[in-house]
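Commentary on secondary and tertiary structure
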Amino acid sequence: MGLFSKNFLWGSASSAHQVEGGAVNDWSGWEKANAKRLAREAEKKYGHLPSWEQIKDQATNPNNYISGHACEHYRMFREDFDSAQALGHTAHRFSLEWSRIEPVEGRFDETEIAHYREVIKALRARGIEPFVTLWHWTLPVWLAEKDGILNRQFSEYFERYTTKVAKEFGVEICFWITINEPEIYALNSHYRGIWPSQKTGFINFFRATHALNRAHRNAYRVIKKINPNAKIGASLNTSYFESAGGRISNCMKWAVDWLWNMRFLRNIHNELDFVGINYYFHNRIKGFWFNQNENKKISDMGWEIYPEGLYHVLLDLKRFQLPVYITENGVADMNDVFRADFIRDHISEINRAIAEGVDVRGYFYWSLLDNFEWDKGFWPRFGLIEVDYETQKRKIRPSAFEYKKIIEESAIKP
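Residues numbered from 1 in each chain as written. Predicted model: local features only at pLDDT ≥ 70, side-chain atom pairs only at ≥ 80, totals over all residues. Heavy atoms only, no water.

A word on the pairing of strand 2 (residues 91–95)
As a reminder of what qualifies: Burial classes: relative accessible area under 20% of the type maximum marks a residue as buried, over 50% as exposed, and values in between as partly exposed (1.4 Å probe, protein chains only). The helix and strand labels rest on DSSP assignments: H or I over at least four residues marks a helix, E over at least two residues marks a strand, and numbering proceeds from the N terminus. Only strands joined by at least two bridges in the DSSP assignment are considered to pair.
In terms of residue burial, strand 2 counts as a mostly covered element, since 5 of its 5 residues are buried. Residues Ala91, Arg93 and Ser95 line one face of strand 2 and the alternating positions His92 and Phe94 line the opposite face, and both faces are buried. Here strand 1 (residues 9–13) pairs with strand 2 via 3 bridges, running parallel. Among the inter-strand pairings, Ser12 is bridged to a residue of strand 2, identified as His92. Pairing of strand 2 with strand 3 (residues 129–135), which is carried by 5 bridges, proceeds in the parallel orientation. In the sheet register, Ala91 faces strand 3, and the bridge partner there is Glu129.

So, the pattern of salt bridges
As a reminder of what qualifies: Salt bridge criterion: a side-chain nitrogen from Lys or Arg within 4 Å of a carboxyl oxygen from Asp or Glu.
Enumeration over the complete set of coordinates arrives at 31 salt bridges. The shortest N-O distance in the salt bridge between Arg160 and Glu102 comes to 2.8 Å. In this pair, Arg160 is assigned in helix 8 (residues 154–169) and Glu102 in the loop between helix 5 (98–101) and helix 6 (110–125), connecting sequence segments 58 residues apart. Look at Arg160 and you get partly exposed, because its relative accessible area is 30%. According to the relative accessible area criterion, Glu102 is buried, its value standing at 0%. Among the ionic pairs, Asp336 bridges to Arg339, the shortest N-O distance being 2.6 Å. Taking the relative accessible area as the measure of exposure, Arg339 reaches 0% and is therefore buried. Through salt bridges with shared partners, a single ionic network connects Glu110, Arg117, Lys164, Glu168 and Glu172.

Topic: the sheet that holds strand 5 (residues 231–237)
Under the convention used in this document: Only C-alpha atoms enter the line fits that serve as axes; for helices the fit covers just the stretch in contact. Angles between N-to-C directions range over 0 to 180 degrees. In what follows, a contact means two residues having at least one pair of non-hydrogen atoms within 4.5 Å.
Read around the barrel, 8 strands follow the order 1-2-3-4-5-7-9-10 and close on themselves; strand pairing throughout is parallel. Here the average twist between neighbouring strands, direction ignored, is 25°. The sheet strands contacting helix 14 (residues 398–410) are strand 1 and strand 10 (360–366), and the helix crosses strand 1 at an angle near 160°.

Here's the deal with helix 13 (residues 339–355)
Selection criterion: Expected span, for any helix, means 1.5 Å times one less than how many residues it has.
If you check helix 13, its first and last C-alpha atoms are 24 Å apart, about what 17 residues at 1.5 Å a residue would give, namely 24 Å. Along helix 13, the positions that sit buried rather than exposed are Arg339, Phe342, Ile343, His346, Ile347, Glu349, Ile350, Asn351, Ala353 and Ile354. Among the structural elements, strand 1, helix 12 (308–317), strand 9 (324–328), strand 10 and helix 14 are those in contact with the buried residues of helix 13. Of the residues one or two after helix 13, Gly357 is the one with positive phi, at around 95°.

Details of the environment of Gly287
One can find Gly287 in the loop between strand 8 (282–285) and helix 12. Along the sequence, Gly287 and Ala244 sit 43 residues apart, while their C-alpha atoms lie 7.8 Å from each other. For Gly287, the residues in contact, after removing those within four places along its chain, are Ile248, Ser249 and Met252.

Some details on the environment of Glu97
Note the threshold: Think of a polar contact as two N or O atoms within 3.5 Å of one another; within protein, one of them needs to be a possible hydrogen donor and the other a possible acceptor, and neighboring residues in sequence only count if both atoms come from side chains.
Relative to the assigned elements, Glu97 resides in the loop between strand 2 and helix 5. Sequence spacing of Glu97 and Trp135 is 38 residues, and the spatial spacing of their C-alpha atoms is 7.4 Å. Once residues lying within four places of it in the same chain are set aside, the contact partners of Glu97 are Ala16, His17, Glu20, Ala23, Asn25, Tyr116 and Thr138. There is a polar contact of 3.3 Å between the side chain of Glu97 and the side chain of Asn25. Within the structure, Glu97 has its side chain in polar contact with the side chain of Ser99 (distance 2.6 Å).

Describing the packing of aromatic side chains
Put simply, the rule is: Pairing of aromatic side chains requires ring centres within 6.5 Å, counting the rings of Phe and Tyr and the six-membered ring of Trp. Pairs whose planes differ by under 30 degrees are stacked, by over 60 edge-to-face, and all others tilted. Each ring is checked for a lysine NZ or an arginine CZ that lies within 6 Å of its centre and within 35 degrees of its normal; such an atom marks a charge sitting over the ring.
One pass over the full model with this rule turns up 40 aromatic pairs. Residues Tyr280 and Trp303 carry aromatic rings whose centres are separated by 5.8 Å and whose planes lie at 70° to one another, so their mutual orientation is edge-to-face. On the criterion of sequence distance, the pair formed by Tyr280 in the loop between strand 7 (274–278) and strand 8 and Trp303 in the loop between strand 8 and helix 12 is long-range, its members being 23 residues apart. Its relative accessible area of 10% is what places Tyr280 among the buried residues. A residue is classified by how much of its surface remains accessible, and Trp303, at 25% relative accessible area, is partly exposed. What links up through ring pairs into an aromatic cluster is the set Trp98, Trp135, Phe154, Phe158, Tyr161 and Tyr185. Its guanidinium or amino end placed over the ring of Tyr311, Arg352 lies 3.5 Å from that ring's centre, counting from NZ or CZ.

What follows is the structure in structure tokens.
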């Protein structure tokens, strides 16, 4: 597989709310209040998809939109990590559930902290490097009731939580991710109003990104003070914006590249040890119009599959001269028809970027398990491992073994 070093990390990713089950946070309450509405709206949103007939029964069922027990990874994490080890993974990205650790303002649950310590130990025992995400979108109820990230003291609340966690796990964790996809969260929760707390407007969007920017910086300083050797980054959802040509298209590309791909990164790049990239989207711009994609290949969710975009995104990051980890990259593919090619093609584009001097050090497929995909519920199937949500039985998909072959091939030097 070319230019991957022997220290390159291969793995998969997850987030607490999407796999653990049983959480009580702002999302779990929102799900129950909105499940019937989401089920009613499903056909309008997804009826055009080629996968509609397969997903229809699930997508129109209100229970689909309530996370409930999810994958019961909270209980079954050792079994799941056994599978990751068997598949050759050398790293795993997961998140801590803030609402478990600090369920009441200022009070930390030592039992939950002990649970996550066991998760870390389980990974280490299997030779898997843990990448810990501090915040993957869910908020404790007490903080949501105080206006969430728009509360003027949000960064101080986040700093207190980070301080506690870093003191508990500081010497056990080398890699920290402070915040997951701040731009996606700000867009959907504070501009489009489709996620909790369902705020809208540009002002709220910019307030949200500013709050998360400040929260990252505070967390970075706290962790470094506790463990100067820690490597700290943030995971950003970076799209490949492509101009179809012409002055207007070029100007539009420049503007959205700055607003979406670079704005948050430029504000925090002096307080990053690495950049985490979540790559899912290509967006071709023609004149003033976005999403003018050819869509030759699409996922079950209708997202275009465009591996070449990852190469361009990585080249754009070269200017920051920071190590890069692909902290998410995955595809909804319930029948496991194109996942193996998806993984191999994206990894080929990473290899291409490395050849041009981009310091990429790891790849995390999204996700290890089928999981709860936020306002879409359970029907999208991203997992290397298929989950039967009725029985919680796991079944490793063929594509997972193809990924294992890629990992093994990477150890063979050209």
